[in-house]
Amino acid sequence: MSTPAPSLTLHEAARPLLDFYQRGGVAPPELIPIEGDAMPEPYRRLLVHADDMTPTLEQFHGDRIHLRPITHETRGNIYCREVILEAGEANKPVEFGAIAIFLDRYPEPARELILGDSVPLGTILNDYNILHESCPQAYFQVNSDPLITEALGLVNSTSLFGRCNIHRDLNGDNIAEIVEILPPT
């Protein structure tokens, strides 16, 4: 899919990220909408598609991706976390993400891994053969704020690109809502 589904506005689609800022009492960085076709390379190749990000990033970086949690909380059946995806033994940051995961839509062993905060959701979906579709909702540009700058190991605030994505099961129910922001390549 090269263009986002028009079902959500950028603000609605970015809820997993914006909720963390709101709960922390901190103003979020401004997310500037961008059309997928206007996204510069290599970000277009990395973000403008209907595939899971974990295998996309593993292929691009030629290394296994693992997860480093920043914050997390459970609200009923929804597990929310901010994370850094890192590549290989060098722990190179390759994505800053915020995600809301609907735990009741996963089998127990997958749920335990999700709550363990060490395995990326894309790996869990693949390893447990959880059938789903990836439905990008919006693409954006953002200047990194202190949180994102530090999390990605950047020296200064930097213009970055990202997407808001929803994973849906085969019944069309949301199993995860995700905001993914990539560092400079």
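Cut-offs applied
Residues numbered from 1 in each chain as written. Predicted model: local features only at pLDDT ≥ 70, side-chain atom pairs only at ≥ 80, totals over all residues. Heavy atoms only, no water. Helix = DSSP H or I, 4+ residues; strand = E, 2+ residues; numbered from the N terminus. Rg over C-alpha atoms; globule rule 2.2 N^0.38 Å. Buried < 20%, exposed > 50% of the residue type's maximum accessible area, 1.4 Å probe, protein only. Contact = heavy atoms within 4.5 Å. Areas by Shrake-Rupley, 256 points an atom, 1.4 Å probe, with all protein chains shown as cover. Lys, Arg positive; Asp, Glu negative; His and termini not counted. Charge placed at Lys NZ, Arg CZ, Asp CG, Glu CD. Salt bridge = Lys/Arg side-chain N within 4 Å of Asp/Glu carboxyl O. Phe/Tyr/Trp six-rings, centres within 6.5 Å; stacked < 30°, edge-to-face > 60°. Lys NZ or Arg CZ within 6 Å of the ring centre and 35° of its normal. 1 Å grid on protein atoms, 1.4 Å probe; cavity = no way out; pocket = protein on both sides within 12 Å on 5 of 7 lines; lining within 4 Å. Points joined across faces, edges and corners; volume = space filled by probe spheres on them. Nonpolar A, V, L, I, M, F, W, Y, C, P; charged D, E, K, R; others polar.

(A) Layout of the overall build of the protein. Looking only at helices and strands, one finds seven helices and seven strands in the protein. Going residue by residue from the N terminus, the α and β elements of the protein occur as α-α-β-α-α-β-β-β-α-α-β-α-β-β. Against the compact-globule benchmark of 16 Å for 185 residues, the protein has a radius of gyration of 15 Å, which places it among compact chains. Referenced to the eigenvectors of the C-alpha coordinate spread, the extents of the protein come out at roughly 40 × 40 × 35 Å. Out of the 185 residues in the protein, the part that is buried amounts to 51%. By sequence separation, contacts in the protein at least 24 residues apart represent 60% of the contacts at least 6 residues apart. Carbon and sulfur atoms provide 50% of the accessible area of the protein, an area that totals close to 8,600 Å². The positive charge centre, built from 13 side chains, and the negative charge centre, built from 27, are 0 Å apart in the protein.

(B) Here's a closer look at the pattern of salt bridges. Counted under the stated rule, the structure contains ten salt bridges. Salt-bridge contacts for Arg 75 lead to Asp 19; the nearest nitrogen and oxygen are separated by 3.7 Å. A residue pair is termed long-range when its members are at least 10 positions apart, and Arg 75 in strand β2 (residues 65-75) and Asp 19 in helix α2 (residues 15-24) qualify at 56 residues. Taking relative accessible area as the criterion, Asp 19 reaches 14% and is therefore assigned buried. Among the ionic pairs, Arg 111 bridges to Glu 108, the shortest N-O distance being 3.2 Å. With Arg 111 and Glu 108 both in helix α5 (residues 108-116), this residue pair falls three residues apart, about one helical turn. The exposure class assigned to Glu 108 is partly exposed, which follows from its relative accessible area of 40%. Several salt bridges share partner residues, and in doing so they unite Asp 19, Arg 23, Glu 73 and Arg 75 into one network.

(C) Geometry of the packing of aromatic side chains. Across all of its chains, the model carries one aromatic pair by this definition. Each ring, one from Tyr 43 and one from Phe 161, has its centre 5.0 Å from the other, and the planes form 35 degrees; the classification is tilted. Remark: Phe 161 occurs in strand β6 (residues 159-168) and Tyr 43 occurs in helix α3 (residues 43-47); sequence separation between them is 118 residues. Over the ring of Phe 20 we find Arg 23; its NZ or CZ atom is 4.8 Å from the centre of that ring.

(D) Geometry of the environment of Val 94. For Val 94, the location among the structural elements is in strand β4 (residues 92-102). Here Val 94 falls in the buried class, since its relative accessible area comes to 2%. Through-space distance from the C-alpha of Val 94 to that of Leu 152 is 7.6 Å; in sequence the pair is 58 residues apart. Once residues lying within four places of it in the same chain are set aside, the contact partners of Val 94 are Leu 57, His 61, Ile 65, Leu 85, Glu 86, Ala 87, Leu 182 and Pro 183.

(E) Just empty space enclosed by the protein, in detail. In the structure shown here, the tally under the stated rule is one cavity of 30 Å³ or more. Roughly 180 Å³ of internal volume is contained in the largest cavity. Taken together, 17 residues line the largest cavity, and the ones lying closest to its centre are Glu 95, Ile 99, Leu 121, Ile 178 and Glu 180. Mapped onto the lining of the largest cavity, the elements with two or more residues apiece are α4 (53-61), β3 (78-87), β4, α6 (121-127) and β7 (174-182). Residues of the lining of the largest cavity, tallied by class, amount to nine nonpolar, four polar and four charged.

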